[in-house]
Amino acid sequence: MGYVAGEFDVIVIGAGHAGCESALASARMGCETLLLTINLDMVAFMPCNPSIGGPAKGHVVREIDALGGEMGRNIDKTFIQMRMLNTGKGPAVHALRAQADKFSYQHLMKKTIEETPHLTLRQGMAEELIVEDGKCVGIVTKSGAEYRAKAIVVTTGTYLRGKIIMGELMYESGPNNQQPSVRLSASLKEHGLELIRFKTGTPPRVHKDTIDFSKTEIQPGDEKPKFFSHETESSDNEQLPCWLTYTSEDTHRIINDNLHRAPMFSGAIEGTGPRYCPSIEDKIVRFADKPKHQIFLEPEGKHTSEYYVQGLSTSMPEDVQLSILRSIPGLEKVEMMRTGYAIEYDAVIPTQLWPSLETKVIDGLFTAGQINGTSGYEEAAGQGIIAGINAARKVQGKEAVIIGRSQGYIGVMIDDLVTKGTNDPYRLLTSRAEYRLLLRHDNADLRLTPVGHEIGLITEERYEKFLKKKELVEQEVERLRSTKVKPEEMENVLLEAGSAPMTQGGDVLSLLRRPEVTYAMLETVVPSPYDLTEEMKEQVEIQIKYAGYIEKQLLQVERLNKMEKKKIPDDIDYGDVRGLASEAKQKLGVIRPLSIGQASRIAGVTPADISILLVYMEHYNRVTAARKSGA
Ligand SMILES: Cc1cc2nc3c(=O)[nH]c(=O)nc-3n(C[C@H](O)[C@H](O)[C@H](O)COP(=O)(O)OP(=O)(O)OC[C@H]3O[C@@H](n4cnc5c(N)ncnc54)[C@H](O)[C@@H]3O)c2cc1C
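Residues numbered from 1 in each chain as written. Predicted model: local features only at pLDDT ≥ 70, side-chain atom pairs only at ≥ 80, totals over all residues. Heavy atoms only, no water.

(A) Representation of the site of the ligand. Taken together, 35 residues are adjacent to the ligand, and Ala18, Ala126, Ser181, Gln370 and Gly376 come closest. Within the backbone of Thr158, a nitrogen or oxygen atom sits 3.5 Å from an oxygen atom of the ligand. Gln370 places a polar side-chain atom, nitrogen or oxygen, 2.2 Å from an oxygen atom of the ligand. Summarising the interface, the protein chains cover 97% of the accessible area of the ligand, which totals 980 Å² for the free molecule. Contributions of two or more residues to the shell around the ligand are made by helix 1 (17–28), strand 3 (33–37), strand 14 (195–202), strand 21 (341–348) and helix 10 (377–395). (Near = heavy atom within 4 Å. Polar contact = N/O pair within 3.5 Å; in protein donor to acceptor, adjacent residues only side chain to side chain. Areas by Shrake-Rupley, 256 points an atom, 1.4 Å probe, with all protein chains shown as cover. Helix = DSSP H or I, 4+ residues; strand = E, 2+ residues; numbered from the N terminus.)

Written out as structure tokens, the structure is:
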């Protein structure tokens, strides 16, 4: 039945949040790319919350944009609400969160893909990998089409052997009753990849006209919204509010009375769920002392009456879900449009991947997104762009791009996955980043746009603009450092700021270091000769106010980089390293870390093991050098 349907440089399987970024990156780097997906009407579909961003997730979207990816631009054009969270706290945790018009988001992403040169979008179900001599060279689809390529990226999300669970009802399906991807799961296993079973869940959707908003609290967007893309300067998107309500005593009673029908407690669910995104029944059991839980009512779009009930993810039976909904203030008369459900799916154990996201067992095969054990659109897209870049670089015979833990949340996430693995769907949190003061929303371009430019994803024009911004920020910091002011000049400003008067003349920069003094205040006395945007002024303020902390973190990074630079020979036999603990031998043998830095982050590898390894490597390198010089 099979027929040869085409030859490409790169094939990407799945047009979800990971696949879209992979395919766009690979095509924009000049590779002929095929993006194959089950249903063209589900490109960049959001099966769960209609939002992008939030703590750590918002940082990733900024990083994707700084590298030249699409998610940031797409959401800036299709958001229905934008809020900067945690503005009362330090800049490391300032996080942008947008409510998306789901349908506009999908349509725009599909249009961008359709209009991208070197990119072919096709509907089809990949069922088999073609592997020759350990190298993946193509795929076969359900309709028998055979596509060949030099690199393949699998981004199949929650579809691999997908199974929907809703109370006693269980059936094979992808999200939203899409076809599941069953045979590809078997093919991945057949070619040596170990899979793990995970699950996630989503809440019901309700009809807007049946909500009594007077019993809820309005949650509006920011009047002056900020944006995810460094290219977005303004927007006239109309913003819609979200609404806050809470579970009631009745809600908790209904759930407790029906726990025997809850699949996650009856043992019907096999897969492990996300620790940081629990279902409502899980929350009621785990936090039994908590009298109420927050419930956010979020519009799914401008042209739909569907509202997403954030905080009520559940796999309870349909009838119970309706009682739960109607026990919540504001939802007493609500009509349920879609029932909540849990979905189980296969994921690849991520320690089987190199930091480039290429699999260790199959050359030329990359995986990205939920298939790697993560949860979230942003986590998926962050992996997607890296896998797409590295598939293209593999085809072009160039070195892989690996983002370091001190360069980006994308680097933290991928390093955590491939070095430590995960036992439940991995979700990014700011607490996972040891250098989070360096990984801020405001400086993603300073960290990653030079990388995006070097690999050909950032245009010359955009790069020039970036260099100009960088230069202006540096000049302004220098100007503030060298500008001296007299106490009398600053008297009023400091008085207004509630800050101590100056006792003698001094430079403006030291004044800005005072917590109560802002750049905006100083600007009234020593206005800048440069044409600075609000974003540049914010950058100047953060760089000066947090200089001490930033310097401290940069010293830590220097130490980290020393360890990262100590590369481990890829043919090392850990069984040969005398004195190494057996657990360390086993773990190092499986993970095969690229550097001493990565080795030191593997669970079960102790500092003592690292010292022994360092001594062994010194000897190993000496012997190898001697052998090479023929001594
Ligand atoms: C029910 C549910 C609840 C969720 N809840 C949360 C949550 O609470 N919090 C959170 O952060 N995230 C949640 N998510 C996860 C979030 O949706 C995903 O993290 C994100 O969509 C993953 O992106 P992805 O690109 O990896 O995969 P997906 O977005 O799932 O996209 C995969 C794509 O691959 C295609 N595909 C699959 N198999 C094949 C094949 N064999 N051939 C061709 N195409 C194929 C599919 O059609 C789809 O387009 C939830 C997801 C679901 C389904």
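(B) Structural context of the pattern of salt bridges. In total, this model carries 51 salt bridges according to the counting rule given. Of the charged contacts in the structure, one is a salt bridge between Glu298 and Arg97, with a shortest N-O distance of 3.7 Å. With a gap of 201 residues between them, Glu298 in strand 18 (residues 294–299) and Arg97 in strand 6 (residues 95–100) connect regions that are remote in the sequence. The class of Arg97 is partly exposed, set by a relative accessible area of 21%. Residue Asp424 pairs with Arg275 through a salt bridge whose shortest N-O separation is 3.3 Å. With Asp424 in the loop between helix 11 (409–420) and helix 12 (444–454) and Arg275 in the loop between helix 7 (263–266) and helix 8 (280–286), this residue pair connects regions lying 149 residues apart in the sequence. Note on Asp424: relative accessible area 11%, which makes it buried. The partly exposed category is assigned to Arg275, whose relative accessible area is 47%. One network of salt bridges, with partners in common, ties together Arg405, Asp415, Asp416, Lys420, Glu434, Glu564 and Arg601. (Salt bridge = Lys/Arg side-chain N within 4 Å of Asp/Glu carboxyl O. Buried < 20%, exposed > 50% of the residue type's maximum accessible area, 1.4 Å probe, protein only.)

(C) Structural detail: the packing of aromatic side chains. Evaluated as defined, the whole model comprises seven aromatic pairs. Pairing Phe213 with Trp243 gives two aromatic rings, centres 4.8 Å apart and planes at 45 degrees, and the pair type is tilted. In this pair, Phe213 is assigned in the loop between strand 15 (205–207) and strand 16 (217–219) and Trp243 in strand 17 (residues 242–246), connecting sequence segments 30 residues apart. Between Tyr463 and Phe466, the aromatic rings sit 5.7 Å apart at their centres with planes inclined by 25 degrees, giving stacked as the arrangement. (Phe/Tyr/Trp six-rings, centres within 6.5 Å; stacked < 30°, edge-to-face > 60°.)

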